[in-house]
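The lines below spell out each chain.
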Amino acid sequence: MARPTNIALQIKKFSRIKVCVVWLRYFLYFYAFISFVFWLLNCFEVDWLYIFNPVFKGPIIFVRKVLNYSPQGVGVDFSLAIIGGISLMLGFILNSISDKIQSKLYDLEDEEERLILKIRERNRKTPFKTTSAPADGIPMVDAVASPNIEVENPKLLFLIAPQVKRIKRRQDDLDLTIKEVQYWKQRINKTLLEHFSPSKPMQKGYYRKNLFLLYNDFNYVEDLVYHAKPTLAQIITEFKKYGVIVSFCTVLSSISSVAANLEKELDLMDIVLSLKFHNEIMLTQRFKIAYDNKDIQQYSMKFKGEYNLSKNLTITNRQPLYKLEEKN
């Protein structure tokens, strides 16, 4: 079985590679841009362009030699345009490589979290074992599974997005304007904060205008759900008197490290919210792994399906989602 330290080293290595690829991609895009710009200026025979000849001299010689391209006797020299096209194509290739590296990083981080949870569970069940005593009669105590890393307890992450629309009392009633929607969402979020602040989250705030709450102990999940369900129902009823229909898109997840995983996990949870599962508590794969390791489970997790949770349309990142349900 792989060790967390080994996976962490792989994550570090791939992260460095990704940074290099991203910077090189941006450089190629910029180089393609200035190549096209200078080619257009060259077509208009701008005199001062010779100052920048050293920037393109090497690539021009390379392109002409490889493609056996000679502009002599031709009205327009397409060397810079060819360089721009090649740079742009290489930039697109590096963009694809960057997406694949990011997908690999997600897989490694998921594997790391699964492994840490297994180690934590094993340590909890059998924290120590006693080996045979040495010759001097002093017993040796050997800790089971010492990964040589500091393992954080899993934390509970909650992201919620209110959805609003006008109660149409007449057929010609208009929908809420964008400004009105933002106004009602702000009021609802303020109300949510008032109701959830007594639960004392270790961190709270807004991610892309949606409220998130972070709890230090994952085991608080049952208390949070027990409090959330009647609270959200109360808010729905409360805002009906203002002529507004309120629904909530919510998602629960788990993270092992605030510094390393919070923003990335919120980004993924935000994509889950965009799927618009109204008045359902959605669960990520990370949440399921952590919840499966609990001794007592008051709720069940129903498989909802696999969804593409990548914001890059060229990448298919199908991940399972679950729905929290009461046990029969």
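Criteria and cut-off values
- Residues numbered from 1 in each chain as written.
- Predicted model: local features only at pLDDT ≥ 70, side-chain atom pairs only at ≥ 80, totals over all residues.
- Heavy atoms only, no water.
- Core = buried A, V, L, I, M, F, W, Y, C linked by side-chain atoms within 4.5 Å.
- Buried < 20%, exposed > 50% of the residue type's maximum accessible area, 1.4 Å probe, protein only.
- Helix = DSSP H or I, 4+ residues; strand = E, 2+ residues; numbered from the N terminus.
- Contact = heavy atoms within 4.5 Å.
- Pairing = 2+ DSSP bridges.
- Axes fitted to C-alpha atoms, helices over the stretch in contact; angles between N-to-C directions.
- Expected span 1.5 Å × (residues − 1).
- Phe/Tyr/Trp six-rings, centres within 6.5 Å; stacked < 30°, edge-to-face > 60°.

Draft legend 1. Structural view of the nonpolar core. If you look at the biggest cluster of nonpolar residues, it comprises 35 residues, and the most contacted ones within it are L192, F248, L252 and F287. In terms of residue count, the dominant contributor to this core is helix α5 (residues 221-240) (eight residues). With near-sequence residues (within four places) excluded, L192 lies in contact with I160, L211, L232, I235 and F248. With 20 residues, the next largest nonpolar core counts V251, I255, L266 and V272 among its residues.

Draft legend 2. The arrangement of the sheet that holds strand β4 (residues 203-207) in detail. The strand order across the open sheet built from seven strands is β4-β5-β3-β6-β7-β9-β8, with neighbouring strands paired in mixed fashion. Bordering the open sheet on either side are β4 and β8 (299-308), each of which pairs with just one other strand. Each neighbouring strand pair of the sheet contributes to a mean axis angle of 25°, computed without reference to strand direction. Helix α4 (residues 178-196) contacts β3 (155-166), β4, β5 (210-215) and β6 (244-255) of the sheet and is inclined by roughly 140° relative to β3. Across the sheet, helix α7 (residues 285-292) touches β3, β6, β7 (280-283), β8 and β9 (318-326), and the angle it forms with β6 is around 60°.

Draft legend 3. Looking closely at α5. In this model, α5 (20 residues) spans 28 Å end to end at C-alpha, consistent with the 28 Å of a helix rising 1.5 Å per residue. Every buried residue of α5 is accounted for by V221, E222, L224, V225, A228, T231, L232, I235, I236 and F239.

Draft legend 4. Expanded view of unusual backbone geometry. Positive phi values are uncommon outside glycine, yet R208 reaches one of about 50°. Of note, R208 is situated in the loop between β4 and β5. Judged by relative accessible area, R208 falls into the partly exposed class, the value being 45%. Of note, the phi angle at K209 is positive, near 70°, even though the residue is not glycine. Following the sequence through the fold, K209 ends up in the loop between β4 and β5. Under the relative-accessibility criterion, K209 is labelled exposed at 61%.

Draft legend 5. Region of the structure containing the packing of aromatic side chains. Scanning the model with the defined rule gives 13 aromatic pairs in all. Measuring from ring centre to ring centre gives 5.1 Å for Y183 and W184, while their planes differ by 70°; the resulting arrangement is edge-to-face. Exposure remark for W184: the relative accessible area of 12% places this residue in the buried category. Feature note: the residues Y183, W184, F239 and Y242 constitute an aromatic cluster, connected by ring pairs.

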